[in-house]
Amino acid sequence: MRSQLCSALMKAVVYVLNGPNLNLLGQREPHIYGRETLADVEAACRRVGGELGLEIEFRQSNAEFQLIDWIHEARQRAGALVINPAGFTTTSVAILDALLTCEFPIIEVHITNIHRREEFRQHSYVSKVATGVVAGLGTQGYEFALRRLARLIEVAGS
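Residues numbered from 1 in each chain as written. Predicted model: local features only at pLDDT ≥ 70, side-chain atom pairs only at ≥ 80, totals over all residues. Heavy atoms only, no water.

(A) Expanded view of the overall build of the protein chain. The secondary structure content of the protein chain amounts to six helices and five strands. Going from N to C terminus, the protein chain has its helices and strands arranged as α-β-α-α-β-α-β-α-β-β-α. Nonlocal contacts in the protein chain, meaning residues at least 24 apart in sequence, comprise 78% of its contacts between residues at least 6 apart. Accessible surface, the protein chain as shown: approximately 8200 Å² in total, 51% of it carbon and sulfur. (Helix = DSSP H or I, 4+ residues; strand = E, 2+ residues; numbered from the N terminus. Contact = heavy atoms within 4.5 Å. Areas by Shrake-Rupley, 256 points an atom, 1.4 Å probe, with all protein chains shown as cover.)

(B) Representation of the environment of Arg 46. Within the secondary structure layout, Arg 46 lies in helix α3 (residues 38-52). Separated by ten residues in sequence, Arg 46 and Ile 56 place their C-alpha atoms 6.2 Å apart. Excluding residues within four positions of it along the chain, Arg 46 makes contact with Ile 56 and Phe 58. One polar contact links the side chain of Arg 46 to the main-chain carbonyl oxygen of Ile 56, over a distance of 2.9 Å. (Polar contact = N/O pair within 3.5 Å; in protein donor to acceptor, adjacent residues only side chain to side chain.)

(C) A look at the pairing of strand β3 (residues 80-84). Along β3, five of the five residues are buried, which leaves the element largely enclosed by surrounding structure. Going residue by residue along β3, you find Ala 80, Val 82 and Asn 84 tucked away on one face and Leu 81 and Ile 83 tucked away on the opposite face as well. As paired strands, strand β1 (residues 13-18) and β3 are joined by five bridges and run parallel to one another. In the sheet register, Tyr 15 faces β3, and the bridge partner there is Leu 81. (Buried < 20%, exposed > 50% of the residue type's maximum accessible area, 1.4 Å probe, protein only. Pairing = 2+ DSSP bridges.)

(D) The arrangement of helix α5 (residues 93-100) in detail. Every buried residue belonging to α5 is among Ile 95, Leu 96, Ala 98 and Leu 99, and all of these are buried. The buried side chains of α5 occupy one side of the element, clustering within an arc of 160° when seen end-on. Those residues of α5 that are buried lie in contact with α4 (64-77), β3 and β4 (106-110). (Arc of directions from axis to C-beta.)

(E) Up close: the sheet that holds β3. Here five strands make up an open sheet; going across it, the order is β2-β1-β3-β4-β5 and the pairing parallel. What marks the edges here is a single partner per strand, and that holds for β2 (55-60) and β5 (132-135). Pairs of neighbouring strands in the sheet enclose a mean axial angle of 15°, with direction left out of account. Taken together, the three bridges between β3 and β4 define a ladder with parallel strand orientation. Bridging from a neighbouring strand, Val 82 pairs with Ile 107 of β4. The strands touched by α3 within the sheet are β1 and β2, with β2 carrying the most contacts at an inclination of about 165°. Packing of α4 onto the sheet brings it into contact with β1, β2 and β3, and relative to β1 it is tilted by some 170°. (Axes fitted to C-alpha atoms, helices over the stretch in contact; angles between N-to-C directions.)

(F) Region of interest: helix α6 (residues 140-157). Between its first and last C-alpha atoms α6 spans 26 Å; for 18 residues at 1.5 Å apiece the expected length is 26 Å, and the two agree. Restricting attention to buried positions, one finds in α6 the residues Gly 141, Tyr 142, Glu 143, Ala 145, Leu 146, Leu 149, Ala 150, Leu 152 and Ile 153. (Expected span 1.5 Å × (residues − 1).)

(G) Up close: the nonpolar core. By size, the foremost hydrophobic cluster in this structure holds 25 residues, and its most contacted members are Val 14, Val 16, Cys 45, Ile 56, Val 82, Tyr 142 and Leu 146. Where this core is concerned, the elements lending two or more residues are β1, α3, β2, β3, β4 and α6. For this core, the element with the most residues is α6, which contributes seven residues. Beyond its immediate chain neighbours, meaning those up to four positions away, Val 14 contacts Leu 54, Glu 55, Ile 56, Glu 57, Ala 80, Leu 81, Val 82, Leu 146, Leu 149 and Ile 153. With 19 residues, the next largest nonpolar core counts Ile 71, Ala 78, Phe 88 and Phe 104 among its residues. (Core = buried A, V, L, I, M, F, W, Y, C linked by side-chain atoms within 4.5 Å.)

Here it is, written out as structure tokens:
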């Protein structure tokens, strides 16, 4: 019984990982990324997570190795992951390799529609492993991602 309870609790943890320069949301190119800050995004994720019974681990780093370490940590603690790899979207095979080790749903989020932007932004290594991709819906994309993951976790637990 205890192991079932621990397993159920682990599944309700969702990591929300954010890549480089997202700490500058609201300041960096607000005409592209909007005026909401990363703190605003975190508050919205925690609010939606609370509504859905999810424990949110919300983190941001400009360092590729740190994101990889957090993905490894999530493998042990989480039931799902949201990732906005930002500038690592188009460059990081290492993040892709880390995500390939995960046995839970992964939703990739982009604030802008990367497919309408410069050509170099249109390729994503993360998409190759993602369960789903949310792009171009602003910071609300994080909320959509959490709602979908909650549903996937619920279905997997049935």
